[in-house]
Amino acid sequence: MKKINARATKQNIDEYLIQRWGTVKEEWKLTIKMLLYNIEIYNKCIDEIETHGLYDAATMRKNPLLSTVKDLQATMTKQIQKLGLTPYDACKIKETEEDDTNLLKYIMGEDE
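**Q** I'd like a rundown of the packing of helix 2 (residues 26-52) against helix 3 (residues 65-82), residues and numbers included.
**A** Direction vectors running N to C along helix 2 and helix 3 enclose 155 degrees, while the axes themselves pass 9 Å from each other. When the axis of helix 2 is compared with that of helix 3, the two are roughly antiparallel. When you trace helix 2 past helix 3, the crossing you get is left-handed. Touching Thr 31, Met 34, Leu 35, Asn 38, Ile 39, Ile 41, Tyr 42, Cys 45, Ile 46, Glu 48 and Ile 49 of helix 2 are Leu 65, Leu 66, Thr 68, Val 69, Leu 72, Gln 73, Thr 75, Met 76, Gln 79, Ile 80 and Lys 82, all from helix 3. For the contact of helix 2 with helix 3, a count of residues per class yields 14 nonpolar, six polar and two charged.

Structure, rendered in C-alpha cells:
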C-alpha cells in the first residue's frame, strides 16, 4: 500500500478548484480539512501495517487496521466526490445558480 502525500493533495485540490471555479469556497474548506485529516490517519495506518504486517504471525488473523484503511478509503472517496474532483462528479455540479434559473425558465417555457 502506498502513502498519500497530503501536502501535494491539498495543493492539487486548491489548484483544481481555483482553475474550475476561480476560488476555494468557504463551504469546501471543511471538507478539504476532513479529507486531509483522513489522509493523515490513513498514512499512519499504512505505517503500522508495514511495521507489523498484514497478519499476526501467531494467530494468523488479519491486521485490524486493514478494516480501518478500507473505511478511510470509502470516506475519502465520498469527500473527493463531494468536491467534484472526479470527472463524473464534476459534470454533476452546476456551473452557477443562473444555470438552475435558465433550466427552470426553459422547462416552464419562459426562455424567450
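**Q** I'd like a rundown of the pattern of salt bridges, residues and numbers included.
**A** This structure, assessed with the given rule, holds three salt bridges. Here Asp 47 ties to Lys 3 by a salt bridge, and the two come within 3.2 Å at their closest N and O atoms. With Asp 47 in helix 2 and Lys 3 in the segment before helix 1 (6-21), this residue pair connects regions lying 44 residues apart in the sequence. Looking at Asp 47, the relative accessible area reads 30%, which means it is partly exposed. Of the charged contacts, one joins Lys 29 and Glu 26 as a salt bridge, the two residues approaching to 2.8 Å between their closest N and O atoms. Taken as a pair, Lys 29 and Glu 26 lie in helix 2 at a separation of three residues, close to a single helical turn. Residue class for Lys 29 comes out partly exposed when judged on its relative accessible area of 34%.

Each value, and the rule that gives it
- Residues numbered from 1 in each chain as written.
- Predicted model: local features only at pLDDT ≥ 70, side-chain atom pairs only at ≥ 80, totals over all residues.
- Heavy atoms only, no water.
- Axes fitted to C-alpha atoms, helices over the stretch in contact; angles between N-to-C directions.
- Helix = DSSP H or I, 4+ residues; strand = E, 2+ residues; numbered from the N terminus.
- Parallel < 35°, antiparallel > 145°, perpendicular 65-115°, else oblique.
- Left-handed = near helix turned anticlockwise from the far one by under 90°.
- Contact = heavy atoms within 4.5 Å.
- Nonpolar A, V, L, I, M, F, W, Y, C, P; charged D, E, K, R; others polar.
- Salt bridge = Lys/Arg side-chain N within 4 Å of Asp/Glu carboxyl O.
- Buried < 20%, exposed > 50% of the residue type's maximum accessible area, 1.4 Å probe, protein only.

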